[in-house]
Amino acid sequence: MAGNSAVREDDSLLSRLDRKLLKLETILALISGLAVFSLMIFAVVSVTGRNAINQPLPGYVDWIEQVLPVIAFMGVAYTQRHGGHIRMDIVIGLLKGRALWLAEIITVLAMLILMIFLVWGSWAHFDRSFDFAAPMWSRDSSIDIGIPLWPAKLLAPVAFTVLCLRLVLQLWGYTRAFITNDPAPVAVPLIQSAAEQAQEEALHVSDLNTGKGQ
């Protein structure tokens, strides 16, 4: 299952790279959130047009097809950084020390290998759609209003490449933790207990109240 997690930071090279990559991941996650908002706008415009003037938004389905990859892919690396992806913690939660870090190394390495293949495959899929010599640089387009499909197809290899970078950093972090037997390594998501989650939420609320007081 997906659990709340914390990511420790320090002045090490790994942590600095983690924070730099997080800035990019945050921007991509924001774009994904804006894409969700745009779908709501499309729906309102289409329904309003249909009811008011019997004219829905032209190419409504085509636009949805273009926006969905943004929603599906742009936030995957950000979610991985914070340990938000769904997984089974029944076994992992019972492990401690080097056994835990070894299990995480195996998991992250398997994910990295899979994502490298997905980057290769999704880039090939994009390359079949993109052509500088074709109109709008596209060999294919949407059925209704002819939107080029290559921008949506490009999102997958871009997002998966960022995820690969995140997995490399996490593999680095878990490997270092395994070697040093560090109980709380940096740049990797550490699962929090219910008490730790409550304490963090209380600190967050306290910070908000302090800000209002100022």
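Keep in mind the model is a prediction, meaning the values are calculated, not measured.

**Student:** Got a minute to help me understand the environment of S32 in this structure?
**Tutor:** Relative to the assigned elements, S32 resides in helix α1 (residues 13–53). Using a relative accessible area of 9% as the deciding quantity, one classes S32 as buried. Between the C-alpha atom of S32 and that of A72, which follows or precedes it by 40 residues, the distance is 7.7 Å. If we ignore the near neighbours within four places in the chain, the residues touching S32 are V70, I71, M74 and G75.

**Student:** I tried to follow helix α2 (residues 60–73) on my own but got confused; where do I start?
**Tutor:** Note that an α-helix has 3.6 residues per turn; residues three or four places apart therefore point the same way. End to end, α2 covers 21 Å across 14 residues, agreeing with the expected 20 Å (1.5 Å per residue, within 8%). Burial in α2 covers these residues: D62, Q66, V67, P69 and V70. Each element contacted by the buried residues of α2 is listed here: α1 and α5 (150–180).

**Student:** What is the right way to look at a nonpolar patch on the surface in this model?
**Tutor:** A cluster of nonpolar side chains, contributed by F37, M40, I41 and V45, occupies part of the molecular surface with about 370 Å² of accessible area. Note that I41 resides in helix α1.

**Student:** Can you walk me through the nonpolar core in this structure?
**Tutor:** Note on soluble globular proteins: their nonpolar side chains tend to be buried together. M74, W101, M115, L163, L167 and Y174 are the most contacted members of the largest nonpolar core, which totals 34 residues. A per-element tally of this core places α5 first, with twelve residues.

**Student:** I would appreciate a short explanation of the packing of α1 against α5 in the present structure.
**Tutor:** Viewed as axis vectors pointing N to C, α1 and α5 meet at an angle of 150 degrees, and their least axial separation amounts to 11 Å. By the angle between their directions, the pair α1 and α5 is classed as roughly antiparallel. When the axes of α1 and α5 are compared, the crossing they make is left-handed. Taken together, the residues of α5 that come into contact with α1 (itself represented by L13, L14, L17, D18, L21, L22, L24, E25 and L28) are V162, L165, R166, L169, W172, G173 and R176. Considering only residue class, the contact of α1 with α5 consists of eleven nonpolar, one polar and four charged.

**Student:** Looking at this structure, I do not really get the environment of L155. What am I missing?
**Tutor:** Structurally, L155 can be placed in helix α5. Placed 82 residues apart in sequence, L155 and F73 show a C-alpha to C-alpha distance of 7.1 Å. Excluding its chain neighbours within four sequence positions, the residues that come into contact with L155 are P69, V70 and M74.

**Student:** Whenever I open this one, the confidence of the model for the protein chain confuses me. Can you help?
**Tutor:** In the predicted model, the protein chain carries a mean pLDDT of 87, and the fraction of residues at 70 or more is 86%. Considering each helix and strand of the protein chain separately, the mean pLDDT is smallest for helix α6 (residues 194–213), with a value of 61, and largest for α5, with 96.

**Student:** How should the environment of D10 be read in this particular structure?
**Tutor:** Residue placement: D10 occurs in the loop between β1 (5–7) and α1. Along the chain, D10 and P185 lie 175 residues apart, while their C-alpha atoms are 9.7 Å from each other. Residue contacts for D10: discarding those within four places in its chain leaves S15, R19 and V186. Of note is the side chain of D10, whose polar atom sits 2.6 Å from the side chain of S12.

**Student:** Would you mind showing me how to read unusual backbone geometry here?
**Tutor:** For residues that are not glycine, phi is negative in most cases, and the peptide bond is trans in most cases. You will see that M136, though not glycine, has its phi angle at about 55 degrees, which is positive. Judged by relative accessible area, M136 falls into the exposed class, the value being 57%. Backbone geometry at A187 places phi at a positive 65 degrees, although glycine is not the residue there. Position of A187 among the secondary structure elements: in the loop between α5 and β2 (189–191).

Conventions and cut-offs
Residues numbered from 1 in each chain as written. Predicted model: local features only at pLDDT ≥ 70, side-chain atom pairs only at ≥ 80, totals over all residues. Heavy atoms only, no water. Helix = DSSP H or I, 4+ residues; strand = E, 2+ residues; numbered from the N terminus. Buried < 20%, exposed > 50% of the residue type's maximum accessible area, 1.4 Å probe, protein only. Contact = heavy atoms within 4.5 Å. Expected span 1.5 Å × (residues − 1). Patch = residues over 30% accessible without salt bridge, like charges linked within 9 Å, V, L, I, M, F, W, Y side chains within 5 Å. Areas by Shrake-Rupley, 256 points an atom, 1.4 Å probe, with all protein chains shown as cover. Salt bridge = Lys/Arg side-chain N within 4 Å of Asp/Glu carboxyl O. Core = buried A, V, L, I, M, F, W, Y, C linked by side-chain atoms within 4.5 Å. Axes fitted to C-alpha atoms, helices over the stretch in contact; angles between N-to-C directions. Parallel < 35°, antiparallel > 145°, perpendicular 65-115°, else oblique. Left-handed = near helix turned anticlockwise from the far one by under 90°. Nonpolar A, V, L, I, M, F, W, Y, C, P; charged D, E, K, R; others polar. pLDDT = per-residue confidence, 0-100. Polar contact = N/O pair within 3.5 Å; in protein donor to acceptor, adjacent residues only side chain to side chain.

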